[in-house]
Structures are given as structure tokens and as C-alpha cells.
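Notes for the structure review
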Amino acid sequence: MSAATTTFQVAPVPRMLWAETRAKLLSRLRSPAFSVLSIVLPTMFFALFYGIFSGQAGSHAAEFGKYILATYGTYAVANVMVFNFGIGIANERGQKQDLLQRATPLPGWVATLAQVIFSLVFALLALIVLYAYAFTVGGVRLDPGALVGFTLRLLLGSFPMMGLGMAIGYSTSANAAPAVTNLIYLPMSFISGIFIPLSQLPSGIQTVGKLLPLYHYSQLPLETVGQNTESLGTAALWLIGWTVVLFALGLRFYRMDASKKFS
Amino acid sequence: MEKVVELIDAHKRYGSVEAVKGVSVAIEQGELVAMLGPNGAGKTTCISLMLGLRKPSSGQAKLFGLAPTDRRARSLCGVMLQESGVPGTLKVKELVDLFRSYYPNPLPAERAIGMAGLEEQADRQAQKLSGGQLQRLYFALAVCGDPQVIFLDEPTVGLDVEARRAFLESIRSFAGEGKTIILTTHYLEEADQLAERVVVIDRGVVVADASPAEIKSRVLGRRVSFTADRPLSDADFEGLPYQNLEVEGNRARLLSNAPEALLRELFRRGYDIRDLQVVGADLEEAFLDLTRHAEKETVA
């Protein structure tokens, strides 16, 4: 064979992207514990809080329902992002999947994009379960237009949480990742006013909470139900800032990990 | 012939350790090459450099004349690594389909699965495969893209005799299609059976690069061992045709390309000899001999 006969070709990106995304979804759906935790837990929290407090809300019950739909929707999507990226990446590294993949023609950015799409689909599943409960058993009402906006904001606003997950996934071992992720995500949810409205928390916590990405993130869906405490523009700016910071951190940890294995 | 893989005076340093110290190897289309060496010799590092998994500290690595990280070059390569993993909950068929998607003109999935002999396990999750089956899965993933060259890093480690035989058969049939195969092994027998060319690596340098037969012929022909009637020392063998002498009390082991002359002279000098053995040196002996020479040079 002469040099001229080697024809260089590469596989089309959409085919790789579809196969990667599909593989990630299949793999996750076969790990029921992880799936149930991500998809069902936010709805369980919603049911619990709604059951306890909607009675006390009296005439405001409908507003209360929308409020916690927004905060648990935030919780649900952020949860999927932080855990999928955090524990998912740490596991892939732990099982050395990254080594073999690195030697294939699959570009790294396609794998990352597949992880983003897969996580968004997974988050949407969690939201659908939450909506199903809230709209039937919970009796929450949201008109279709508002629901679409609500959902889109939750999905698009989740990028800082992906960055946080990446930072955790590339800096912790597979064994430590679940603990580290919970240790960061649960207190952050509390301080950001996800479980209890920020206005009802001590002022010190409020000050800290208003700096955190999850607080600003929750403002996006809260705005669609008219219960936001800061303007959409301000929240968006904060989220863009946090996206830059957390992705930079994630990228830094990625490079540190890669330089150990691949330099 | 076209150069598929090329290392040009490649060095690789990890911190204070230099794992590869100036390796130059060019491998052409259709060659079946074994990189042979003891553990820690630098074989895996050489493969990593060829694949672009590691960057040379100095020197160059090329794949099909391109940088090894180039997707166009990668699309012509299949890889089996010593340490790697796949998502355990995916089934064999699903993993093969996933890896097929990375390549421009993949083989049909059934064909790749068949080449690896995994037809019966096609619907089994990777985490439920035995060690040998998992190794065959990695082989299926390496060949499913219909690559021009496959890299196999210690492909038969941990396999039992039967699994190893089946595996070597798969590699041979793949080679029969005119593909280039580069494998690392520390099993001399494997290199001897499989490869047309053996690159012996020791302590980060190439100490030999030839056919298995040439490597065997390069060492002195016979392994001679015997017990004498009195304690022996190097001086007793002065002027005799020998190499690699080991004496321990009355016992001597050596290599010689003229064992008859050597023994005749020993009898003439009045030694009484028992437990005499004269056997042909195999590739193992050749290998030990080659690496021992390299050691002397390193020391000197």
C-alpha cells in the first residue's frame, strides 16, 4: 500500500453523539438506586412539605403550591446535574473508562456534550414525575405557557450546577464522590432557601444564601409564578458569573487529572 | 511500504524516572510486531506514546504520518489497553455498537462479536463477564471499527491456557486480513508463536529488533550444564568457547555454540563430569542473554 492510498476519514459527530447519549441513558436506567434517588426523591420532598404545610397556608395554599413546585423543581434539576456529573465522572475515572475512551477517535467534547444532553433528559424525567404529582395529587395549577417557560428556565439555568459537578467529579475518588457531593449539595440547598424560604432563615444565613448559585437559580422558576425576590436580570447575571467560575474550576481539576494520566 | 507507526528517538520521563530512553521504531503496514520485555521495561509507555496517550518528553511519535492524537489517525486504530474499563451495566452488543459509532466505516457488530468469540454473551452485561470474556470484549471493541492497525497491550495477561489459545487464534485471523498488529507481551512464547518481528525492550531502550528466528540465532546455540568432581571457578574454563557462565560449587551452567569442543577439552583437562545436559537455547535464553548484555552496557 502506498502512502497515497491511505484515505483519512472520521465518523460523523451526530452519530457519535447519539450513541454516547444513548449509552449513558441505558447505563443509568440499569442502576435503579441512582435513578430512583434522582427522579423520585424531589417529588417525595415535595409531597412531604406540601402535605405538612399546605393546610397552614390556608387561602394561600395555591401560591404555596407553586412556590414549592419552583423550589423542588430547582432542587430536582440541580440534584441531577451535581450528582450525574459529580458521581458519574468520578465513577468513570475510578473504572478507568476514560483511559480507553481517550485512545478512541471520540473527541472529548462530544463525550462532554453527550453527558450534558443525557443529564438534561434525565432532569426532564425528574421534572415530569414532580409535575405529575404536583398537578394531580397536589392540585397545583400552572397554565401550559407558564409550564413551558418554567421548565426551560430550570433546564437552561442548570449550567453552574454542571460546573460544580465537574469540579467534584474530577477532584474526588469514586468512593469519596457520593459523600463529598452530598456534603456540598445538601447544606447548599438549605442555605439557598430550597427547603425553607430564605426570608424565614436567620439573617446571617440569608446573607450567605444570596451569594450562592442555587439561590439565584431558584429565582428563574419563581419568577414565572410571580414569587421571585430578585429580578430575572440580576439572577441571570449571577448565574452567568457562577457558570464561568465553576466551569473554570471544573476545567482546572480536569486538567490536573489529565496531566497525571496523559501528559 | 507505508509507515503505520513511528517513534523517532522518543524519550519519556516521569518525574525523575526515564521510562523510555531514545526509542526509534518504524512499523509498516501488515507487520505483526511483538514488543517484548520484562515488567517495567517501558513497553506500555512506548504504546502510550504511539497512541498519543502520553507525550514524548523529547523525540517524536507518528501515526500514519500524523500526530497520534489526530482523529484521522485514531480512526484507523483499534486499541486494547492493560488497564481500562467500560460501563459495566451495558451489554456486549451495546458496547460494540457504541465503539462502532466512533469509526467512519465500522464492521457489522455481529462480525466483531464473532471475531472475539462472544456470540453467546452478546446480550450479557459487561460486569457479568468472566475475565477471559472481558478480555475478548476489549478485543471486539478494538476491531469493531475495522481499523488498519490494532494495539494490544499485554492482551493475554490473566487468561488461562485455553482462553489464551483462543485469543491468539483471533489475533492471527485478524492479521490474516493484512492488518498491522502491535502487541506487548512478557511471554516469550507468545512473541515467538505470533510475531514476525520482535522488538526487545529493556530499561527503556531497544536491545534487539529482528525476527524471532534471528533473535534465537543471535545467542550462542546450546545451554550446557553439568556437575564436576571438584569445585569450579571461572579459571577452569579459560580458553573455552562459552558465554554466560554460572558456577556454584561443583555445578556449572553456560551457553556455548560449540558444546562438543568445550566438553572434549574439559575431559582432556581431566575433569570428571556427571549430570550432563545439553539443550537448545529457546527465545527465553536469547532474551535473557540480550537483556544481560544491555545491563552490562548500562553499568559500563
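Keep in mind it's a predicted model, so treat the numbers as computed, not measured. (Residues numbered from 1 in each chain as written. Chains lettered and ligands numbered in written order. Predicted model: local features only at pLDDT ≥ 70, side-chain atom pairs only at ≥ 80, totals over all residues. Heavy atoms only, no water.)

Observations concerning the nonpolar core
- With 85 residues, the main nonpolar core has B:Val96, B:Leu137, B:Phe139, B:Leu141, B:Phe151, B:Ile181 and B:Ile182 as its most contacted residues.
- When residues in this core are grouped by element, the largest group, seven residues, is from helix α5 (residues 131-143) of chain B.
- When sequence neighbours within four positions are dropped, the list of residues in contact with B:Val96 reads B:Ala109, B:Ala112, B:Ile113, B:Leu137, B:Ala140, B:Leu141 and B:Cys144.
- A:Ala70, A:Ile89, A:Val116 and A:Leu142 belong to the second largest nonpolar core, which has 57 residues in total. (Core = buried A, V, L, I, M, F, W, Y, C linked by side-chain atoms within 4.5 Å. Buried < 20%, exposed > 50% of the residue type's maximum accessible area, 1.4 Å probe, protein only. Helix = DSSP H or I, 4+ residues; strand = E, 2+ residues; numbered from the N terminus. Contact = heavy atoms within 4.5 Å.)

Points about the packing of helix α7 (residues 159-171) of chain A against helix α11 (residues 232-262) of chain A
All names here are of chain A.
- Between α7 and α11, whose axes approach to 8 Å, the crossing angle comes to 20 degrees. Looking at the two axes, α7 sits roughly parallel to α11. The interaxial crossing formed by α7 with α11 has left-handed handedness. Contacts from Phe159, Pro160, Met162, Gly163, Leu164, Met166, Ala167, Tyr170 and Ser171 in α7 reach Leu239, Trp242, Thr243, Leu246, Phe247, Leu249, Gly250, Leu251, Phe253, Tyr254 and Asp257 in α11. (Axes fitted to C-alpha atoms, helices over the stretch in contact; angles between N-to-C directions. Parallel < 35°, antiparallel > 145°, perpendicular 65-115°, else oblique. Left-handed = near helix turned anticlockwise from the far one by under 90°.)

Observations regarding the packing of aromatic side chains
Residue and element names in this part refer to chain A.
- This structure, assessed with the given rule, holds 22 aromatic pairs over all chains.
- Seen from their ring centres, tyrosine 72 and phenylalanine 195 are 6.2 Å apart, and the 40 degrees between their planes marks the pair as tilted. Here tyrosine 72 is found in helix α3 (residues 61-94), whereas its partner phenylalanine 195 is found in the loop between α8 (177-191) and α9 (203-209), with 123 residues between them in sequence.
- By the ring-pair criterion, three or more aromatic residues cluster together here, those being Phe45, Phe49, Phe53, Tyr72, Tyr75, Phe83, Tyr185 and Phe195.
- Positioned above the aromatic ring of phenylalanine 122, the side-chain terminus of arginine 28 is 5.8 Å from the ring centre.
- Its end group placed over the ring of phenylalanine 262, arginine 102 keeps NZ or CZ at 4.2 Å from the ring centre. (Phe/Tyr/Trp six-rings, centres within 6.5 Å; stacked < 30°, edge-to-face > 60°. Lys NZ or Arg CZ within 6 Å of the ring centre and 35° of its normal.)

Re the confidence of the model for chain A
- Taken as a whole, chain A shows an average pLDDT of 90; of its residues, 98% reach a score of 70 or greater.
- Ranking the elements of chain A by mean pLDDT puts helix α2 (residues 32-57) of chain A last with 84 and α7(A) first with 95. (pLDDT = per-residue confidence, 0-100.)

A closer look at empty space enclosed by the protein
- For the structure on display, the rule yields one cavity of 30 Å³ or more.
- Of the volumes computed, that of the largest cavity is approximately 30 Å³.
- For the largest cavity, the full set of lining residues is A:Leu100, A:Thr104, B:Val79, B:Phe99, B:Tyr103, B:Leu141 and B:Ala142.
- Broken down by class, the residue content of the lining of the largest cavity amounts to six nonpolar, one polar and no charged. (1 Å grid on protein atoms, 1.4 Å probe; cavity = no way out; pocket = protein on both sides within 12 Å on 5 of 7 lines; lining within 4 Å. Points joined across faces, edges and corners; volume = space filled by probe spheres on them. Nonpolar A, V, L, I, M, F, W, Y, C, P; charged D, E, K, R; others polar.)

As for the interface of chain A and chain B
- Listed by partner, the interface residues are 35 residues for chain A and 38 residues for chain B.
- Between chain A and chain B, the buried area comes to about 3,400 Å², and carbon and sulfur atoms account for 57% of it.
- Among the residues of chain A in contact with chain B, A:Phe8, A:Leu100 and A:Pro105 are the three that bury the most area, contributing 21% of the side total.
- In this structure, B:Glu94 and A:Arg30 form a salt bridge, with 2.7 Å as the shortest nitrogen-oxygen distance.
- The tally of links between chain A and chain B comes to 14 residue pairs in polar contact (both at pLDDT 80 or more).
- Elements with a contribution of two residues or more to the side of chain A that touches chain B: α1 (13-29), α4 (97-102) and α11 of chain A.
- If you tally residues by element for the side of chain A that touches chain B, the top one is α1(A), at eight residues.
- Its residues assigned to classes, the side of chain A that touches chain B shows 17 nonpolar, 11 polar and seven charged. (Buried area = accessible area lost by both parts, 1.4 Å probe. Salt bridge = Lys/Arg side-chain N within 4 Å of Asp/Glu carboxyl O. Polar contact = N/O pair within 3.5 Å; in protein donor to acceptor, adjacent residues only side chain to side chain.)

What to know about the state of the cysteines
- The final tally for this structure, using the stated rule, is zero disulfides over all chains.
- In this structure B:Cys144 is a free cysteine whose sulfur lies 13 Å from that of B:Cys77, the closest cysteine sulfur available. (Disulfide = S-S within 2.5 Å.)

Section: the pattern of salt bridges
All names here are of chain A.
- Counting across every chain of the model gives 26 salt bridges over all chains.
- Note that aspartate 257 is salt-bridged to arginine 93, the shortest N-O span being 3.1 Å. Here aspartate 257, found in helix α11, pairs with arginine 93, found in helix α3; they are 164 residues apart in sequence, far enough to count as distant. Taken as a pair, aspartate 257 and arginine 93 share a single burial class, namely buried.
- The network of salt bridges with common partners includes Arg93, Asp98, Asp257 and Lys261.

Topic: the sheet that holds strand β7 (residues 180-185) of chain B
All names here are of chain B.
- In space, the six strands of this open sheet follow the order β5-β6-β7-β3-β8-β9, with mixed pairing throughout. Pairing within the sheet leaves two strands with one partner each, and these edge strands are β5 (77-80) and β9 (205-210). Pairs of neighbouring strands in the sheet enclose a mean axial angle of 15 degrees, with direction left out of account.
- Taken together, the four bridges between β5 and strand β6 (residues 149-153) define a ladder with parallel strand orientation. Paired with cysteine 77 across the two strands is valine 149, which belongs to β6.
- Packing of helix α1 (residues 43-51) onto the sheet brings it into contact with β3 (32-36), β5, β6, β7 and β8 (197-202), and relative to β7 it is tilted by some 150 degrees.
- Across the sheet, α5 is in contact with β5 and β6; its angle to β5 comes to roughly 165 degrees. (Pairing = 2+ DSSP bridges.)

Observations concerning a nonpolar patch on the surface
All names here are of chain A.
- Where nonpolar side chains cluster on the molecular surface, the patch consists of Leu29, Trp109, Leu113, Ile117, Val121 and Leu125 and spans about 500 Å² of accessible area.
- Examining the composition of the nonpolar patch, we find that five residues originate from one element, helix α5 (residues 108-135), more than from any other.
- Summarising the element assignment, isoleucine 117 is placed in helix α5.
- By relative accessible area, isoleucine 117 is classed as partly exposed at 31%. (Patch = residues over 30% accessible without salt bridge, like charges linked within 9 Å, V, L, I, M, F, W, Y side chains within 5 Å. Areas by Shrake-Rupley, 256 points an atom, 1.4 Å probe, with all protein chains shown as cover.)

Here we look at the side chain of B:Arg164
Residues and elements named next belong to chain B.
- The residue arginine 164 is located in helix α6 (residues 161-175) in this model.
- Accessibility expressed as a relative area gives 19% for arginine 164, which makes it buried.
- Contacts of arginine 164, omitting those with residues within four sequence positions, involve Thr156, Leu159, Tyr187 and Glu190.

Some words on the layout of surface pockets
- As a volume, the second largest pocket reaches approximately 400 Å³.
- As for the second largest pocket, its lining consists of 18 residues, of which A:Leu99, B:Thr44, B:Ser48, B:Arg54 and B:Glu83 are closest to the centre.
- Elements with a minimum of two residues in the lining of the second largest pocket: α4 and α11 of chain A together with α1 of chain B.
- Residue contributions to the lining of the second largest pocket peak at four residues, all from α1(B).
- Classifying every residue of the lining of the second largest pocket by side-chain character gives six nonpolar, four polar and eight charged.

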